[in-house]
Amino acid sequence: MSCPNRSSPLSFILTGIPGLEDAQFWIAFPFCTMYFTAVLGNITLLLIISTDASLHLPMFYLLSMLAAIDLVLTTSTMPKILSIFWFHSHEIDFEDCVAQMFFIHSFSTVESGVLLTMAFDRYLAICKPLRYSAILTGPTTAKLGLAAAVRGIAIITPLTCMVTSLSYCGPRVIHHSYCEHMSVVKLACGDTRPNSIYGITAATIVVVSDSILIAVSYVLILREVIGLSSREARLKSFGTCSSHIGVILLFYMPGLFSFYAQRWGQRIPTHLRILMADLYLLVPPMLNPLIYGMRTKAIQGRVLSLLWQ
């Protein structure tokens, strides 16, 4: 990725959570615990799926993609956030800041695409069980994952280039815990409307299109489940769907709140906005392995076997 660079500072200063500076040292402890849980859970999921041949199926390939994305999202932000909270390491190089912003926004977009693919997987498994293995093969799953990755990178690369092409002549202080797009753009001189318009338009199109398609998938799934004759099968399907929907809401709702509050939420306390933005990159990666992975009997059995050994 090669982008033009007009007049960039050598570094920025990340404040952490404005208004909660005195509490940041203690806030770091639950953050660190959640980060450790997220890393351990997602790495465990990746190791189990990669080493167990019986799990080399489309659904588990998608779980692997989700785990890898969550590892990138948390690791691109949490070490720096913890260093700010514990060691007052507020400075970040301009290049590192841009790289962090690229990873956060591109992999969030990729994760949205993977969640959409997982909804399609559940639709086929419940509504078209006889055609499932013929439609969603291993190569098809890989192509869908690659398409999600290409889309995320293609959407965020122009946004990143637009940020690097701006001139920065004001204060170097970013009132955030990490390099979020609009927090960086606010420090630039000149006309930043193209950045704002592109960022809002891209985020809205991705979220609206993906969430509508996910909603349609689960409406069709629920309609099919209600028609099942077996009460046990209905309860099992409802349980699976409710956990998946919970993860999807957990990903989209805080993300949308953080994104739009950064632009129009001046009345919302700053510390609340930043805290929600931090948790958005921490809570879903921590819960995804538990909700998606550990509730799957095949993965449960493999984890218990490893613990027993």
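Residues numbered from 1 in each chain as written. Predicted model: local features only at pLDDT ≥ 70, side-chain atom pairs only at ≥ 80, totals over all residues. Heavy atoms only, no water.

Taking an unreviewed UniProt entry as the reference, the chain is identified by name as Olfactory receptor belonging to Rhynochetos jubatus. In the Sequence similarities (unreviewed entry) part of its UniProt record, the chain is described as follows: "Belongs to the G-protein coupled receptor 1 family." (UniProt positions renumbered as here; feature names shortened; annotations may be inferred.)

Undergrad: So what's going on with the pairing of strand β1 (residues 11–14)? Residues and values would help.
TA: Judged from the three bridges that link them, β1 and strand β2 (residues 91–93) form a sheet pairing that is antiparallel. The partner of Ser11 across the bridge, within β2, is Asp93. Bridge count between β1 and strand β3 (residues 173–174): two bridges; the pairing is parallel. Opposite Ile13, over in β3, you have Val173 as the bridge partner. (Pairing = 2+ DSSP bridges. Helix = DSSP H or I, 4+ residues; strand = E, 2+ residues; numbered from the N terminus.)

Undergrad: Run through the sheet that holds β3, naming residues and quoting values.
TA: Pairing is mixed in the open sheet, where three strands are placed in the order β2-β1-β3. Taken across any chain shown, the strands that pair with only one partner, and hence form the sheet edges, are β2 and β3. Contacts from helix α4 (residues 94–127) reach β1, β2 and β3, with the element oriented near 85° to β2. (Contact = heavy atoms within 4.5 Å. Axes fitted to C-alpha atoms, helices over the stretch in contact; angles between N-to-C directions.)

Undergrad: Hey, could you go over unusual backbone geometry for me, with residue numbers and the actual values?
TA: Even without a glycine there, the phi angle at His88 is positive, about 55°. With respect to the secondary-structure elements, His88 resides in the loop between α3 (78–87) and β2. Accessibility expressed as a relative area gives 59% for His88, which makes it exposed. (Buried < 20%, exposed > 50% of the residue type's maximum accessible area, 1.4 Å probe, protein only.)

Undergrad: I'd like a rundown of α3, residues and numbers included.
TA: Across the ten residues that make up α3, a large majority, seven, are buried. Turning to α3, its buried residues number three or more, namely Met78, Lys80, Ile81, Leu82, Ser83, Ile84 and Phe85. Looking at the buried positions of α3, the neighbouring elements they touch are β1, α1 (24–51), α2 (58–75), β2, α4 and α10 (270–280). In the stretch just after α3, His88 is the one whose phi turns positive, near 55°.

Undergrad: Summarise the UniProt feature "transmembrane region" (unreviewed entry) in the chain; cite the residues concerned and give the values.
TA: The feature "transmembrane region" (unreviewed entry), as annotated in UniProt, sits at residues 25–48, 60–82, 102–124, 144–168, 197–221, 241–260 and 272–292 in this numbering. Taken end to end, residues 272–292 has its terminal C-alpha atoms 28 Å apart, with 90% of it in helix and 0% in strand.

Undergrad: Explain empty space enclosed by the protein to me, and be specific about the residues and the numbers.
TA: Within the structure shown, the criterion is met by two cavities of 30 Å³ or more. Approximately 40 Å³ is the volume attributed to the second largest cavity. Forming the boundary of the second largest cavity are Asp70, Leu73, Ser108, Glu111, Phe251, Tyr280, Leu281, Pro284 and Pro285. Only α2, α4 and α11 (283–293) provide two or more residues apiece to the lining of the second largest cavity. Looking at side-chain class alone, the lining of the second largest cavity contains six nonpolar, one polar and two charged residues. (1 Å grid on protein atoms, 1.4 Å probe; cavity = no way out; pocket = protein on both sides within 12 Å on 5 of 7 lines; lining within 4 Å. Points joined across faces, edges and corners; volume = space filled by probe spheres on them. Nonpolar A, V, L, I, M, F, W, Y, C, P; charged D, E, K, R; others polar.)

Undergrad: Kindly report on a negative patch on the surface, identifying the contributing residues and their values.
TA: Negative charge collects at one region of the surface, where Glu91, Asp93, Glu95 and Asp96 lie side by side. Elements represented by at least two residues in the negative patch include exactly β2 and α4. Positionally, Asp96 belongs in helix α4. For Asp96, a relative accessible area of 42% corresponds to the partly exposed category. (Patch = residues over 30% accessible without salt bridge, like charges linked within 9 Å, V, L, I, M, F, W, Y side chains within 5 Å. Areas by Shrake-Rupley, 256 points an atom, 1.4 Å probe, with all protein chains shown as cover. Salt bridge = Lys/Arg side-chain N within 4 Å of Asp/Glu carboxyl O. Lys, Arg positive; Asp, Glu negative; His and termini not counted. Charge placed at Lys NZ, Arg CZ, Asp CG, Glu CD.)

Undergrad: Can you lay out the confidence of the model for the chain for me, pointing to particular residues and giving the numbers?
TA: As a note on interpretation, predicted positions should not be read in detail where pLDDT is low. Per-chain confidence: the chain averages 87 in pLDDT, with 93% of residues scoring 70 or above. Within the chain, α3 carries the highest mean pLDDT (96), whereas helix α9 (residues 231–264) carries the lowest (73). (pLDDT = per-residue confidence, 0-100.)

Undergrad: Can you tell me about the packing of aromatic side chains, naming the residues and giving the values?
TA: Across all of its chains, the model carries twelve aromatic pairs by this definition. On the numbers, 5.2 Å between centres and 70° between planes, the contact of Phe29 with Trp86 is edge-to-face. Of this pair, Phe29 sits in helix α1 while Trp86 sits in helix α3, and the two are 57 residues apart along the sequence. Trp86 sits in the partly exposed class, given a relative accessible area of 23%. Ring geometry for Phe31 against Phe85: centres 5.8 Å apart, planes inclined by 50°, an arrangement best described as tilted. Here Phe31, found in helix α1, pairs with Phe85, found in helix α3; they are 54 residues apart in sequence, far enough to count as distant. Comparing Phe31 with Phe85, the two get one shared label, buried. (Phe/Tyr/Trp six-rings, centres within 6.5 Å; stacked < 30°, edge-to-face > 60°.)

Undergrad: Help me get a handle on the pattern of salt bridges, residues and values and all.
TA: Applying the stated rule across the entire model yields three salt bridges. For Asp210, the salt bridge is made with Arg151, and the minimal N-O distance between the two is 2.7 Å. Note that Asp210 is positioned in helix α8 (residues 193–226) and Arg151 in helix α6 (residues 138–164), a separation of 59 residues in sequence. Given a relative accessible area of 26%, Arg151 falls into the partly exposed group. Among the salt bridges present, the one from Asp191 reaches Arg193, with a minimum N-O distance of 3.0 Å.

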